[in-house]
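One-letter residues, chain by chain:
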Amino acid sequence: MLDVDLLAGPMRDMTGSGDEVEAARSALRDARRVLVLTGAGVSAESGIPTFRGEDGWWKRRDPMELATPEAFGREPDEVWAWYDYRRRLIADAEPNAAHRALAGWAGDGREVRIITQNVDDLHERAGSDDVIHIHGSIWRVRCTGCGAVYEDRRAPLPELPPTCDRCGDHPVRPDVVWFGESLPAAELRRVQAVFDRGAIDLALVIGTEAVFGYIRQWAELARRAGAMLVEVNPSRTGLSGIVDLRMAGKAGEVLGGLGDGDAP
Ligand code: OAD
């Protein structure tokens, strides 16, 4: 049964019929294995801009000038200024109801694996463990000389670009994936392990345009592993046509409602 709050609130915006929404709630209630693919939209309600939305970064800035190894080679200060700004935004932000709901669903025999394209740490700060960061972390840096990778959580950074505090000789870069670069092998192995473990009951794709083929592929694989595939996004995306249920709304509102009263 949908509760009154949900009917008065975001549920009205869902494109799925009441039966479908109830099916999603029931899938979540019964699910032992849940896979969650998140993108920038899951952090939007925490005040972190998305990339391709109306106020998104890529509407104002050219990704080729901020998120490529070539841009970093040409203008490391400019690239770092953008990352430093985003580090400060993220440091000041709080996890929202979506991050908290996902963290709350895990446990008591239910596994919730999160694969995020986000470089922020809001899933972890909400309490989710073992999040797979397929595009790296904004809090890690990698030395362009000695290759050392380590955490640096200072925000703002005292100098741009920062110098490696291991070798002391070379600038470090953010340990994130830029356009034209490969996904990190260790994280890809962790994704593979998720699928190697067999049946998945429920898969949610939340707040992503799913522009990258691997996101669409993982959503498809989850479906082939038996999952009910649900998209949570106020707008339609390239994945909308293949999902079992679209929940058209903001992640915090939709997920907060989906799990209500569903704790196993
Ligand atoms: P995008 O900015 O492309 O897409 C954000 C999605 O979130 C859109 O589909 C929005 O409709 C949706 N959205 C906005 N607000 C939302 C909310 N409150 N709740 C739920 N959904 C909401 O971001 P990503 O798909 O994550 O990579 O982008 C993928 C990658 O492209 C990023 O990791 C970044 C970017 O270039 C690199 O920089 C390598």
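How each quantity is defined
Residues numbered from 1 in each chain as written. Predicted model: local features only at pLDDT ≥ 70, side-chain atom pairs only at ≥ 80, totals over all residues. Heavy atoms only, no water. Helix = DSSP H or I, 4+ residues; strand = E, 2+ residues; numbered from the N terminus. Rg over C-alpha atoms; globule rule 2.2 N^0.38 Å. Buried < 20%, exposed > 50% of the residue type's maximum accessible area, 1.4 Å probe, protein only. Areas by Shrake-Rupley, 256 points an atom, 1.4 Å probe, with all protein chains shown as cover. Lys, Arg positive; Asp, Glu negative; His and termini not counted. Charge placed at Lys NZ, Arg CZ, Asp CG, Glu CD. Near = heavy atom within 4 Å. Polar contact = N/O pair within 3.5 Å; in protein donor to acceptor, adjacent residues only side chain to side chain. Salt bridge = Lys/Arg side-chain N within 4 Å of Asp/Glu carboxyl O. Patch = residues over 30% accessible without salt bridge, like charges linked within 9 Å, V, L, I, M, F, W, Y side chains within 5 Å. Phe/Tyr/Trp six-rings, centres within 6.5 Å; stacked < 30°, edge-to-face > 60°. Core = buried A, V, L, I, M, F, W, Y, C linked by side-chain atoms within 4.5 Å.

### As for the overall build of the protein
At step 1: Along the protein, the regular secondary structure elements total 11 helices and nine strands.
At step 2: Taken over the C-alpha trace, the protein has a radius of gyration of 19 Å; the compact-globule value for 264 residues is 18 Å, and the two agree within 12%.
At step 3: In terms of overall dimensions, the protein has a C-alpha envelope of 60 × 35 × 30 Å along the principal axes.
At step 4: Per-residue burial for the protein yields a buried fraction of 50% across its 264 residues.
At step 5: Split by element, the accessible area of the protein, about 12000 Å² in all, is 47% carbon and sulfur.
At step 6: When the 32 positive and 43 negative side-chain charges of the protein are each reduced to one mean point, those points stand 2 Å apart.

### As for the site of the ligand
At step 1: Of all residues adjacent to the ligand, which total 23 residues, the nearest are Phe51, Arg52, Thr208, Glu209 and Asn233.
At step 2: Between His135 and the ligand, the recorded distance is 2.9 Å, taken from a side-chain N or O atom to an oxygen atom.
At step 3: The separation between an oxygen atom of the ligand and a polar side-chain atom of Asn233 is 2.7 Å.
At step 4: Protein contact buries 92% of the 790 Å² of open area that the ligand shows by itself.

### Some details on the pattern of salt bridges
At step 1: Under the criterion given, the structure shown has 17 salt bridges.
At step 2: Arg33 serves as the salt-bridge partner of Glu111, at 3.1 Å between the closest nitrogen and oxygen. Residue Glu111 is found in strand S2 (residues 111-116), and its partner Arg33 is found in strand S1 (residues 33-38); the two are separated by 78 residues along the sequence.
At step 3: Its relative accessible area of 10% is what places Arg33 among the buried residues.
At step 4: For Glu151, the salt bridge goes to Arg153, with nearest N and O atoms at 3.2 Å.
At step 5: For Glu151, a relative accessible area of 51% puts it in the exposed group.
At step 6: Taking the relative accessible area as the measure of exposure, Arg153 reaches 44% and is therefore partly exposed.

### With respect to unusual backbone geometry
At step 1: A cis amide bond links Ala155 with the next residue in sequence, Pro156, at an omega value of 5°.
At step 2: One can find Pro156 in the loop between strand S5 (149-151) and strand S6 (172-176).
At step 3: Cis rather than trans, the peptide bond between Leu160 and Pro161 has omega equal to -10°.
At step 4: You will see that Asp108, though not glycine, has its phi angle at about 50°, which is positive.
At step 5: For Asp130, which is not glycine, the phi dihedral falls at a positive 50°.
At step 6: Considering the arrangement of structural elements, one finds Asp130 in the loop between helix H8 (122-126) and strand S3 (132-133).

### Describing a negative patch on the surface
At step 1: Where like charges cluster on the molecular surface, the negative patch consists of Asp62, Glu65, Glu75 and Asp77.
At step 2: Position of Glu75 relative to the elements: it lies in the loop between helix H5 (69-74) and helix H6 (76-92).

### Regarding the packing of aromatic side chains
Aromatic rings in a pair are described by how distant their centres are and how their planes are angled relative to each other.
At step 1: In the structure shown here, the tally under the stated rule is 11 aromatic pairs.
At step 2: With a centroid separation of 5.4 Å and 35° between ring planes, the pair formed by Trp58 and Trp82 is classed as tilted. Taken together, the residues span a long stretch of sequence, with Trp58 in helix H3 (residues 57-60) and Trp82 in helix H6 at a distance of 24 residues. Across this residue pair, the class does not change: Trp58 and Trp82 are buried.
At step 3: With a centroid separation of 5.5 Å and 50° between ring planes, the pair formed by Tyr214 and Trp218 is classed as tilted. With Tyr214 and Trp218 both in helix H10 (residues 213-224), this residue pair falls four residues apart, about one helical turn.
At step 4: A relative accessible area of 6% means that Trp218 is categorised as buried.
At step 5: Taken together, the aromatic side chains of Phe51, Trp57, Trp58, Phe72, Trp82, Tyr83, Tyr85, Trp178, Phe179, Phe212, Tyr214 and Trp218 make up a single cluster linked through ring pairs.

### With respect to the nonpolar core
At step 1: Core analysis: the largest hydrophobic core is formed by 27 residues, its most contacted members being Trp105, Leu202, Leu204, Ile206, Val232 and Leu255.
At step 2: Where this core is concerned, the elements lending two or more residues are helix H2 (18-30), S1, helix H7 (97-105), S2, strand S7 (202-206), strand S8 (228-232), strand S9 (245-247) and helix H11 (251-259).
At step 3: Within the second largest apolar cluster, 26 residues are counted, among which are Val79, Trp80, Val172 and Trp178.

These results come straight from atomic positions and should not be treated as a statement about function.
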